Amino acid sequence: MEDLNFRHATRQRAAGTRKLAVIGVVASGNLEVLAERVLPDSECLVEIRTAAAGFGEVWDAVIADFVKGYSPGGLRFSINDGGARPDTVSLRLAQAARLMEEDDQ
Amino acid sequence: MTTWQRGREARDARIQAGARLAKGKVVDARDATRLMEAVVRPGDRVCLEGDNQKQADLLCAALLAVDPAKVRDLHMVQSGVVLPEHLDLFDRGVAKKLDYAYSGPQSARIAKMLFGGKIELGAVHTYLELFARYFIDLTPNVALIAAVSADRDGNLYTGPNTEDTPTVVEATAFKNGVVIAQVNEIVDKVPRVDIPGDRVHFVVEADKPFFVEPLFTRDPAAITESQILTGMLAIKGIYAPYGVRRLNHGIGFNTAAIELLLPTYGEKLGLRGKVASHFALNPHPALIPAIESGWVEQIHCFGSEVGMDEYIRARSDVFFTGSDGSLRSNRAFCQTAGLYACDMFIGSTLQIDIQGNSSTVTTSRIAGFGGAPNMGSDARGRRHPSEPWLQAGREADPEGSTLLRRGRKLVVQIGETFGEKNVPLFVERLDALELAERLNLELAPVMIYGDDVTHIVTEEGIANLLLCRDAREREQAIRGVAGYTDVGRGRDAKMVQDLRERGAIRRPEDIGINPLDADRSMLAARSIKDLVHWSGGLYAPPSRFRNW
């Protein structure tokens, strides 16, 4: 297991008012993402717990592109990773960000 | 005096030696090894029918059991090295030299035996190439083939898996060779004659049906969202703009996703009747929903697929069938069709380098080529025009003279940037080169050469190599869709941006695709059971694909 954290400044706050969302599953080659609206609007934090050690550089690149593309200000993402490929990680993060754009019921 | 009949006399002598064990042409399975010892001579070229799918397994076992003092040092010339026994022949010294095309399940062991010097390698071929050599310099002395049934005159019914048999028999029987067939049963009258009896010298009835591998069944339940995204990109970004009607699909999950997206996503784009109507393809179960939805006009097959027989029989408007109603396949003709009469090949691979060369060889596995290089190459002998072919030619050479400019076959590599176990699809240097150096090969086993590849599709987008004007542009177009692999992260961001503005790289959003729409609900079938429903119960999947 390896723990990784990436903190980024964001251009703008994530749209919507939803407080929390979960997507994906912890399984081999897959991952679970928990998104929470708990940070200041200009910050984003991604905390990763992964079964596959030694991919820090790739995570760094994937998270940086995600933050650039979606500007998820105010969101903390907690990832429980079962060795997912980078394309799956990008997709799950985007799915989580989209869920957070919904309005809280 | 010169004799010009030595080959015929030698063949007659072999047949005479074998005839002592036969009643007419029929030899008892218990005498199969003695038949081999009677007919096969040391150093013979032998084609032991190992096709992509069906295997002459009884004859293989019989050959393996010969006394190596009598039968040894054979030169095996067969398209598929598939069964462990195919390699046991080399361990026992019965066989010495090998010319082949495909070794899927034995790819690791064959690599080991090549390194260990157990096998003297002629060459790794494509199917058509090996078949061609059967008629020039690799003509078999003995062919050991497999069929469903035979009559007492030796007329053979191959059933839906005709595959390589007509080609092997043609080369052997008409050039003084001996043809021995194993059949599942001997009958009074065969359902149809696939091989005329005067080309078959001995028939052995097997106690169990020949082995057939279901190689072309992809379970829709295992298709991922990234594979769906690559499928959407291919349909909207390549099938639609080129109007590709005549094509061949590889056997991977990405093309299975495409097959299952045609009746849903393709329908939404209004493409039915405009793309994907004529195929050189095995009967992929994943294509059933597209066939049932009226997409497909015609399919010619290399071989068959386990469980598809009744469905094919009921859809003779689409498939080639015999007078008995069952599928007639033919690997040599279908490979030729894929080479000359298709405008596109789309398939997956294990490694792509920065020139676009691809290979399924890794340092410890030599899987061979099979048919992909025939389908996945520009046919330099092609002369008939078609819109996709001409359009690809225009893109590659916009300044060329209209009436003299060759068209181009669309050769598309499709895959996710990382494969199983997070192994990158893109590499700076193919493992095939290291293998060639270690084995002292004169030529590295490259599956599809970079100069034949026109497009590469990954979840990051489409690289159109036709629009690249030099090696540097090609390299950056490839890096530009290579995602987070080392090759992808080594890109020149500025050049990649320029290529994107020119359309040589297109991202999902550039063609109006939102990656978040790539959802499993878009697949026309999401399980094997769904495919059975689509077929009206005619598709009978093998048990390993049933979970109900």
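These numbers come from a predicted model, not from an experiment. (Residues numbered from 1 in each chain as written. Chains lettered and ligands numbered in written order. Predicted model: local features only at pLDDT ≥ 70, side-chain atom pairs only at ≥ 80, totals over all residues. Heavy atoms only, no water.)

Draft legend 1. Inspection of the overall build of chain B at higher detail. When helices and strands are tallied, chain B shows 19 helices and 22 strands. Relative to its length of 548 residues, chain B is compact, with a C-alpha radius of gyration of 24 Å against a globular reference of 24 Å. Principal-axis analysis of the C-alpha atoms places the extent of chain B at approximately 75 × 55 × 50 Å. Taken across its 548 residues, chain B has 61% of its residues classed as buried. Here the contacts in chain B between residues at least 6 apart in sequence split such that 72% fall between residues at least 24 apart. Looking at chain B, you have 66 positive and 71 negative side-chain charges, and the mean spots of the two groups are 2 Å apart. (Helix = DSSP H or I, 4+ residues; strand = E, 2+ residues; numbered from the N terminus. Rg over C-alpha atoms; globule rule 2.2 N^0.38 Å. Buried < 20%, exposed > 50% of the residue type's maximum accessible area, 1.4 Å probe, protein only. Contact = heavy atoms within 4.5 Å. Lys, Arg positive; Asp, Glu negative; His and termini not counted. Charge placed at Lys NZ, Arg CZ, Asp CG, Glu CD.)

Draft legend 2. Structural view of the pattern of salt bridges. Residues and elements named next belong to chain B. A complete count under the given rule lists 43 salt bridges over all chains for this structure. Note that Arg14 is salt-bridged to Asp44, the shortest N-O span being 2.6 Å. Residue Arg14 is located in helix α1 (residues 6-19), and its partner Asp44 is located in the loop between α2 (32-39) and β3 (45-48); the two are separated by 30 residues in the primary sequence. In this structure, Arg14 and Asp44 share a single accessibility class: buried. Across the salt bridge formed by Asp378 and Arg408, the nearest N and O atoms sit 3.9 Å from each other. Taken as a pair, Asp378 in the loop between α13 (372-375) and α14 (387-396) and Arg408 in the loop between α14 and β19 (410-414) lie far apart in primary sequence, 30 residues in all. The exposure class assigned to Arg408 is buried, which follows from its relative accessible area of 18%. Put simply, Asp88, Asp91, Arg109 and Lys118 are held in one network by salt bridges that share partners. (Salt bridge = Lys/Arg side-chain N within 4 Å of Asp/Glu carboxyl O.)

Draft legend 3. Representation of the sheet that holds strand β15 (residues 298-300) of chain B in the model. Residue and element names in this part refer to chain B. Spatially, the 8 strands line up as an open sheet ordered β15-β14-β13-β16-β19-β20-β21-β22, and their pairing is mixed. Every other strand in the sheet has two partners, leaving β15 and β22 (505-506) as the edge strands with one partner each. Here β19 pairs with strand β20 (residues 455-458) via 3 bridges, running parallel. Its bridge partner lying in β20, Gln413 is registered against Ile456. Across the sheet, helix α8 (residues 225-242) is in contact with β13 (246-249), β16 (344-347), β19, β20, β21 (461-464) and β22; its angle to β20 comes to roughly 150°. (Pairing = 2+ DSSP bridges. Axes fitted to C-alpha atoms, helices over the stretch in contact; angles between N-to-C directions.)

Draft legend 4. Just the domain arrangement of chain B, in detail. All names here are of chain B. Taken domain by domain, chain B consists of domain 1 (22-212) and domain 2 (220-529). The C-alpha-based centres of domain 1 and domain 2 are spaced at 32 Å. On the side of domain 2, 35 residues touch domain 1, which itself brings 34 residues to the contact. Each partner contributes to the roughly 2,600 Å² buried at the junction of domain 1 and domain 2, and carbon and sulfur atoms together form 57% of this total. Sorting the residues of domain 1 by area buried against domain 2 places Phe115, Leu128 and Pro160 first, and these three jointly supply 25% of that buried surface. Counting across the interface, domain 1 meets domain 2 through 4 salt bridges. A salt bridge links Arg331 to Glu163, with the shortest nitrogen-to-oxygen separation between them at 2.9 Å. Inspection of the region where domain 1 meets domain 2 yields 22 residue pairs in polar contact (both at pLDDT 80 or more). Secondary structure elements with two or more residues in the side of domain 1 that touches domain 2: β6 (95-102), α5 (107-115), β7 (120-124), α6 (127-134) and α7 (165-173). (Domains from an automatic or database assignment. Buried area = accessible area lost by both parts, 1.4 Å probe. Polar contact = N/O pair within 3.5 Å; in protein donor to acceptor, adjacent residues only side chain to side chain.)

Draft legend 5. Up close: the sheet that holds strand β3 (residues 31-37) of chain A. Residues and elements named next belong to chain A. Spatially, the 5 strands line up as an open sheet ordered β1-β4-β5-β3-β2, and their pairing is mixed. Of all the strands in the sheet, the pair left with one neighbour each is β1 (2-9) and β2 (20-24). Strand-to-strand twist in this sheet, taken as the mean axis angle between neighbours without regard to direction, amounts to 10°. Here 8 bridges tie β1 to strand β4 (residues 43-50), and the two strands are oriented antiparallel to one another. For Asp3, the partnering residue across the bridge sits in β4 and is Arg49. Contacts between helix α2 (residues 86-100) and the sheet are confined to β2, β3 and β5 (75-81), with β3 contributing the most and set at about 30° to the helix.

Draft legend 6. Inspection of the interface of chain A and chain B at higher detail. Of the residues lining the interface, 18 residues belong to chain A; the matching set on chain B comes to 14 residues. For the chain A and chain B pair, buried surface summed over both sides reaches about 1,400 Å², with 52% attributable to carbon and sulfur atoms. When the buried surface of chain A facing chain B is broken down by residue, A:Arg85, A:Asp87 and A:Leu91 rank first, second and third, together holding 39% of it. On inspection of chain A and its partner chain B, the count reaches 3 salt bridges. For the interface between chain A and chain B, the tally reads 8 residue pairs in polar contact (both at pLDDT 80 or more). Residue assignment for the side of chain A that touches chain B shows that the elements contributing at least two residues are α1 (56-70) and α2 of chain A. For the side of chain A that touches chain B, the leading source of residues is α2(A), giving 9 residues. For the side of chain A that touches chain B, the per-class residue count stands at 8 nonpolar, 4 polar and 6 charged. (Nonpolar A, V, L, I, M, F, W, Y, C, P; charged D, E, K, R; others polar.)

Draft legend 7. A look at the pairing of β3(A). Burial of β3(A) is extensive: 5 of the 7 residues sit out of reach of the surface. Hairpin remark: β2(A) followed by β3(A), antiparallel, with 6 residues in the connecting loop; positive phi at A:Gly29, about 80°.

Draft legend 8. Broad picture of the packing of aromatic side chains. Residue and element names in this part refer to chain A. Scanning the model with the defined rule gives 4 aromatic pairs over all chains in all. Both rings, one in Phe66 and one in Phe77, keep their centres 5.4 Å apart while their planes meet at 85°; by these two values the pair is edge-to-face. Of the two residues, Phe66 sits in helix α1 while Phe77 sits in strand β5, which places them 11 residues apart along the sequence. On the basis of relative accessible area, Phe77 is assigned to the buried category, the value being 0%. (Phe/Tyr/Trp six-rings, centres within 6.5 Å; stacked < 30°, edge-to-face > 60°.)

Draft legend 9. Examining the nonpolar core more closely. Residues and elements named next belong to chain B. One finds Tyr239, Val296, Ile299, Phe319 and Met344 to be the most contacted residues of the largest nonpolar core, which totals 59 residues. Broken down by secondary-structure element, the contributors of at least two residues to this core are α8, α9 (253-268), α10 (288-292), α11 (309-313), β16, β19 and α19 (528-534). Residues contacting Phe319, with those up to four places away along its chain left out, are Pro283, Ile291, Ile299, Cys301, Tyr311, Ile312 and Leu327. Counting residues in hydrophobic clusters, the runner-up holds 53 residues, among them Leu35, Leu63, Tyr100 and Leu144. (Core = buried A, V, L, I, M, F, W, Y, C linked by side-chain atoms within 4.5 Å.)

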